Amino acid sequence: MSLPSPTTRTPRPTVPFACAALALTVLSTACGARIEEDGTAASTTTVLRCGEEVEYTTPRRAVAYEGGSADKLFALGLADHVHGYVMPPANPPVEESPWAEDYARVEFLGDDLLNRELVVEAEADLVVAGWRSGFSDERGITPRILDGLGIQSFMHTESCYNYPGFPERETPFEGLYTDLERLGAIFGVPERAEELVEGYRERVERVVEQAPEGDPVSVFLYDSGTDQAFTAGSQVPPQDIISHAGGENVFGDLDERWTRVGWEAVVDADPEVIIVLDYGEQSAEDKIDFLTSFPALAEVPAVVEENFFVLDYNEGISGPRNIDGLERFADYLRALEEDPA
C-alpha cells in the first residue's frame, strides 16, 4: 500500500472556545445546538478526527464505506441515522453479518471505491471511512475536500498514524474502542458506546487470561500475492488478534498497515501458524493450496504441519468483528497447544 501524498493545508473548521478547552479523546458533548430545517435542535459536539479538533452536528444521513464502518454504526444502534453504505466486492456478503437486518434497512449505494460524486448524490451529512482505505487524495475524496462541501467525515483511528498534518497513533484494538466512543459522542449515545466498549474489553481480557503459556507462537498473515506476499504490519487489527491470543506477528516490527514482503523474509521468519485472510475472488482454500504447493515454503513449519487459520475479512479490518476473530483464533491456538500433532 503506497504512502499518502502531502495535502494542501486548509484552515481548520471553527471550534467553539468552550469545546476546545476540553480537548481529550472525546472533547465534549452538547457544546451547542443548531436549528434544522424542521425547526428541531441538532446537537453539536467537538471530537478528534485523527489528531484534529472538529465540530460535528448530529448526522441524519451517514454513509459508511466497507463493513467495518457500517458495523461500528450498527453496533451502536444507529441504523436510523445511516442513509446507506458502499461495499467493495472484496467484502463478504452483508447477509452474513451479525447486523444483516440493519444492512437491509439502509440503502446499498454501490460496490465501487468511495468517491465524491457518490456521497454528494446521496446527500450524505457524514462519511465514515479510513485514511487511504476509503478517503484518498488520488481519487479526490478527503476530509478536507468534504469539509469544503459541507459534508462531515470520520476516520478510523487505526488508519490515522500517518494522516498528513494530524497523525494519531493507537494500537488497533484501542483504535476500535476510541472510534466507538467518538461515534457515540457524535451521535449523542455516549452511554451506549461506553457499555459496548466495556463489553469488548472484558471479552479481550478473558482471551488474554487464557492464552497459552510459554513463548508466543510465530504467526504469518497471508492476505494475497504470488511474486510477493501481502501481509499485516503493526498498525492493523490482526496485530492485536495475534498478540492477545498468545502469538507473535512475524512482521509486527513493520510500522505499516497492509504491506508487501518478499518470500525470503517469510521463510526466514519460520512461522508456526499462517493466518489466511478470506476475501475476494480467490477463496481461502485456493490461497492455502497455493501456499502448500509453493516450493519456497516447503520447509516452513506452518506449511509442513498444515497449521492454517482462516480469518474473515471483516474480522481483519477495523470493526466490532475484530473481537470475534480474536476469540476464534485464541480457540485455535489453545487447541493447537493441546494437540500439537
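Computed from a predicted model, the values in this text were never measured in an experiment.

**Student:** Please explain the overall build of the chain as it appears in this structure.
**Tutor:** Counting its secondary structure elements, the chain contains 13 helices and 15 strands. When the 341 residues of the chain are sorted by exposure, 55% land in the buried category. Taking the intrachain contacts of the chain between residues at least 6 apart in sequence as the baseline, contacts between residues at least 24 apart amount to 66%. Element-wise, carbon and sulfur atoms account for 48% of the exposed surface of the chain, whose accessible area totals about 15100 Å².

**Student:** What is the right way to read the packing of aromatic side chains from this model?
**Tutor:** How two aromatic rings sit relative to each other is set out by the distance from centre to centre and by the angle between their planes. Applying the stated criterion across every chain yields a total of 16 aromatic pairs. Their ring planes at 40° and their centres at 5.2 Å tell us that Tyr 279 and Tyr 313 sit as a pair that is tilted. Of this pair, Tyr 279 sits in the loop between strand E14 (273-278) and helix H10 (284-293) while Tyr 313 sits in helix H12 (residues 313-316), placing them 34 residues apart in sequence. Relative to Phe 294, the ring of Phe 290 has its centre 5.1 Å away and its plane inclined at 25°; by these criteria the two rings are stacked. Classification of Phe 290 by relative accessible area gives buried; the value is 18%.

**Student:** What exactly am I supposed to notice about the state of the cysteines here?
**Tutor:** Between two cysteines, a covalent bond joining their sulfur atoms is known as a disulfide. What the rule picks out here adds up to one disulfide. One disulfide bridge connects Cys 50 with Cys 160, the sulfur atoms lying 1.9 Å from each other. Linking Cys 50 and Cys 160, the disulfide has an S-S dihedral of approximately -75° and is accordingly described as left-handed. With a gap of 110 residues between them, Cys 50 in the loop between strand E2 (41-49) and strand E3 (52-57) and Cys 160 in the loop between strand E9 (152-155) and helix H6 (172-186) connect regions that are remote in the sequence. The pair Cys 50 / Cys 160 is uniform in exposure class, with both members buried.

**Student:** It is not clear to me how unusual backbone geometry should be interpreted in this structure. Could you clarify?
**Tutor:** Keep in mind that most residues, glycine aside, have a negative phi and that most peptide bonds are trans. Even without glycine at this site, Glu 66 takes up a positive phi of about 75°. With respect to the helices and strands, the residue Glu 66 is situated in helix H2 (residues 66-75). Classification of Glu 66 as buried rests on a relative accessible area of 12%. Non-glycine residue Glu 123 carries a positive phi angle of around 55°. In this structure, Glu 123 sits in the loop between helix H4 (116-121) and strand E7 (126-131). Looking at Glu 123, the relative accessible area reads 56%, which means it is exposed.

**Student:** Before we go on, may I ask you to explain the confidence of the model for the chain in this structure?
**Tutor:** For any part of a model where pLDDT is low, the fine detail of the predicted coordinates should not be relied upon. Looking at the chain, pLDDT values average 89 and 87% of them are 70 or higher. Every residue in residues 1-40 is under pLDDT 50, and counting partners more than four places away or in other chains gives 82 contacts.

**Student:** Help me understand helix H7 (residues 190-209), please; the structure alone is not making it clear to me.
**Tutor:** Note that an α-helix has 3.6 residues per turn; residues three or four places apart therefore point the same way. Compared with the 28 Å implied by 1.5 Å per residue over 20 residues, the 28 Å span of H7 between its first and last C-alpha is a close match. Close packing links the buried residues of H7 with H2, H6, helix H8 (237-245) and helix H13 (321-338).

**Student:** How should the packing of H6 against H13 be read in this particular structure?
**Tutor:** For any two helices packed against each other, the geometry comes down to the angle between their axes and how far apart the axes lie. One way to put it is that H6 packs onto H13 with a least axis distance of 11 Å and a crossing angle of 145°. Contact residues: Phe 173, Leu 176 and Tyr 177 in H6; Asn 322, Ile 323 and Leu 326 in H13.

**Student:** Explanation requested: the nonpolar core in the structure shown.
**Tutor:** Soluble globular proteins: nonpolar side chains tend toward being buried together. Ranked by size, the top nonpolar core spans 61 residues in total, and within it Leu 73, Phe 74, Tyr 103, Tyr 177, Phe 187, Ile 275 and Phe 329 carry the most contacts. Those residues in contact with Tyr 177, other than ones at most four positions away along the chain, are Val 197, Tyr 200, Arg 201, Val 204 and Ile 323. Judged by nonpolar contacts, the second largest core, of 21 residues, contains Cys 50, Tyr 65, Ala 122 and Cys 160.

**Student:** Please explain the sheet that holds E14 as it appears in this structure.
**Tutor:** Strand pairing in a sheet relies on backbone hydrogen bonds, with the paired strands running either antiparallel or parallel. Pairing is parallel across the open sheet formed by four strands, whose spatial order is E12-E10-E14-E15. A strand with exactly one partner marks an edge of an open sheet, and here the two such strands are strand E12 (247-249) and strand E15 (308-312). The average undirected angle you get between the axes of adjacent strands in this sheet is 35°. Those strands touched by H10 are strand E10 (217-222), E14 and E15, and its axis lies near 145° from that of E14. Strands E10, E12, E14 and E15 of the sheet are contacted by H13, whose axis makes an angle of about 170° with E15.

**Student:** How should I be thinking about the pattern of salt bridges in this particular structure?
**Tutor:** Pairing of side chains with opposite charge becomes possible as their charged atoms draw close. Using the criterion set out here, one finds 17 salt bridges in the structure. A salt bridge links Asp 71 to Arg 321, with the nearest nitrogen and oxygen atoms 2.7 Å apart. Note that Asp 71 is positioned in helix H2 and Arg 321 in helix H13, a separation of 250 residues in sequence. Salt bridges sharing partners connect three or more residues here, namely Arg 49, Glu 52, Arg 144 and Asp 147.

**Student:** Whenever I open this one, H2 confuses me. Can you help?
**Tutor:** Of all the 10 residues making up H2, 10 are buried; the element is thus mostly covered by neighbouring parts of the structure. Directly after H2, the chain includes Gly 77, whose backbone phi takes a positive value near 75°.

**Student:** Would you mind going over the pairing of strand E6 (residues 107-110) with me for this structure?
**Tutor:** Residues in a regular strand point their side chains to alternate faces of the sheet. The pairing of strand E5 (residues 82-86) with E6 spans three bridges and is classified as parallel. By the bridge assignment for E6, Val 86 is matched with Gly 110. Since E5 and E6 lie parallel, the crossover through helix H3 (residues 100-105) that links them has a hand, and here it is right-handed.

**Student:** Help me out: how do you make sense of the pairing of E5 in this one?
**Tutor:** E5 sits mainly inside the fold: five of its five residues count as buried. One ladder, built from four bridges, connects strand E4 (residues 62-65) with E5; its direction is parallel. Looking across to E5, one finds that Val 63 is bridged to Gly 84. Note on the crossover from E4 through H2 to E5: the handedness is right-handed.

Quick notes on the rules
Residue positions are given per chain, counted from 1 along the sequence in the order it is written. For a predicted model such as this one, the threshold for reporting local features is a pLDDT of at least 70, and the threshold for listing and counting side-chain atom pairs is 80 or more; totals across whole chains, interfaces and linings nevertheless cover every residue. The side-chain figures draw on all heavy atoms in the structure; neither hydrogens nor water molecules are used. In DSSP terms, a helix is any run of H or I states spanning at least four residues, a strand is any run of E spanning at least two, and both are numbered starting from the N terminus. Burial here depends on accessible area, computed with a 1.4 Å probe over protein chains only, as a share of the maximum for the residue type. Under 20% is buried, over 50% is exposed, and the range in between is partly exposed. Note on definitions: a residue-residue contact is assigned when non-hydrogen atoms from the two residues lie within 4.5 Å. In short, Shrake-Rupley with a 1.4 Å probe defines the accessible areas, and a residue's cover is counted only from the protein chains shown. Pairing of aromatic rings covers Phe, Tyr and the six-membered ring of Trp, with a centre-to-centre limit of 6.5 Å; geometry is then stacked below 30 degrees between planes, edge-to-face above 60, and tilted otherwise. Our working definition of a disulfide is a cysteine sulfur pair at a distance within 2.5 Å. Confidence scores per residue from the predictor, reported as pLDDT, run from 0 to 100. Expected helix span is computed as 1.5 Å times (number of residues minus one). Angles run from 0 to 180 degrees between N-to-C directions of axes, and those axes are lines fitted to C-alpha atoms, restricted for helices to the stretch in contact. Put simply, a nonpolar core is a bunch of buried Ala, Val, Leu, Ile, Met, Phe, Trp, Tyr and Cys residues held in one set by side-chain atoms that sit within 4.5 Å of each other. When DSSP locates at least two bridges between a pair of strands, those strands are taken to pair. Salt bridge, as used here: a side-chain nitrogen of Lys or Arg that lies within 4 Å of a carboxyl oxygen of Asp or Glu. When the strands point away from the viewer, a crossover counts as right-handed if the path from the first strand over the helix to the second runs clockwise.

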